[in-house]
Amino acid sequence: MINYKVFDDGQAVVEALSQELLEYSQSTQPVHISLSGGSTPKLWFKYLADHYRDKINWNNLHFWWGDERCVAPNDPESNYGQAKALLLDHIEMNPENIHRIIGENDPEEEAQRLAEEICQSVPKVHGIPAFDWIVLGMGDDGHTASLFPHHTDFNDPDLTLVAEHPQSGQLRVSKSARLLSNAERITYLVLGEGKAQRLQEIATHDSVDLPYPAAKIKARNITEWYLDANAAKDL
Ligand SMILES: O=C1O[C@H](COP(=O)(O)O)[C@@H](O)[C@H](O)[C@H]1O
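- Per an unreviewed UniProt entry, the protein chain goes by the name 6-phosphogluconolactonase and belongs to Celerinatantimonas diazotrophica.
- Recorded in UniProt under Pathway (unreviewed entry), the annotation for the protein chain is "Carbohydrate degradation; pentose phosphate pathway; D-ribulose 5-phosphate from D-glucose 6-phosphate (oxidative stage): step 2/3."
- If you open the UniProt record of the protein chain and go to Function (unreviewed entry), you find "Hydrolysis of 6-phosphogluconolactone to 6-phosphogluconate."

## What to know about the sheet that holds strand 9 (residues 171-175)
For step 1, the next point in the chain: The strand order across the open sheet built from three strands is 4-9-8, with neighbouring strands paired in antiparallel fashion. On the outer flanks of this sheet lie strand 4 (67-69) and strand 8 (160-164), each paired with one strand and no other. Along the sheet, successive strands turn relative to each other by an average axial angle of 20°, direction set aside.
For step 2, the next point in the chain: With five bridges connecting them, strand 8 and strand 9 associate as antiparallel partners. By the bridge assignment, E164 is partnered in strand 9 with L171.
For step 3, the next point in the chain: Each of strand 8 and strand 9 touches helix 4 (residues 107-121); the most contacted strand, strand 8, lies at about 150° to it.

The rules we used
- Residues numbered from 1 in each chain as written.
- Predicted model: local features only at pLDDT ≥ 70, side-chain atom pairs only at ≥ 80, totals over all residues.
- UniProt positions renumbered as here; feature names shortened; annotations may be inferred.
- Pairing = 2+ DSSP bridges.
- Helix = DSSP H or I, 4+ residues; strand = E, 2+ residues; numbered from the N terminus.
- Axes fitted to C-alpha atoms, helices over the stretch in contact; angles between N-to-C directions.
- Contact = placed C-beta atoms within 7 Å.

Structure, rendered in structure tokens:
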């Protein structure tokens, strides 16, 4: 049974996510959170900067990313650059708690460096780093992070990898399926009518019969989908 949380609109979705982040920030332990890239989280980042800047204890949180385009942070394609402009530049957060994927580095070396940083910083469960909360998006094609349909090795033993976007050929550094799946909690954040058909397909098929990483990757404990009414219209 897929755990859907459907809200009237995107604003209501990001308000709910912001409340979740606020609760994490009240923890007495450091909390490791992985943010999604792409266009969908823009609304959330802006909302956090506008409404939660002074409420959240940012320094209890560590921010990571699910994936990054192999570009510099000032490139409009950069996931980190987007989060910086919309959120990080507007809050007081210790720079040491911001673990960006360095998109301008050599991709293979960066994937290796990132895996080492994760291993050094994130507490392990079953011998694998276990993020407290991973927020992921879903592309129209069913990809998540930079794990693409028909191009993902779900048995890859590595924690990170270099992926090539199947259409554009753009290189990206991504968390692997193994690392994502060891999270305590995964929240898919999916907004808009453009995603409705893919969501309907995922809702009506067993994930083993689908090629979509977003359908297959589930957390150790909680896997949930935060949707607006447009995205959920065919469920
Ligand atoms: O998890 C993710 O999902 C998105 C999907 O992007 P969107 O533009 O449709 O919101 C992906 O491309 C992104 O890099 C990733 O972090």
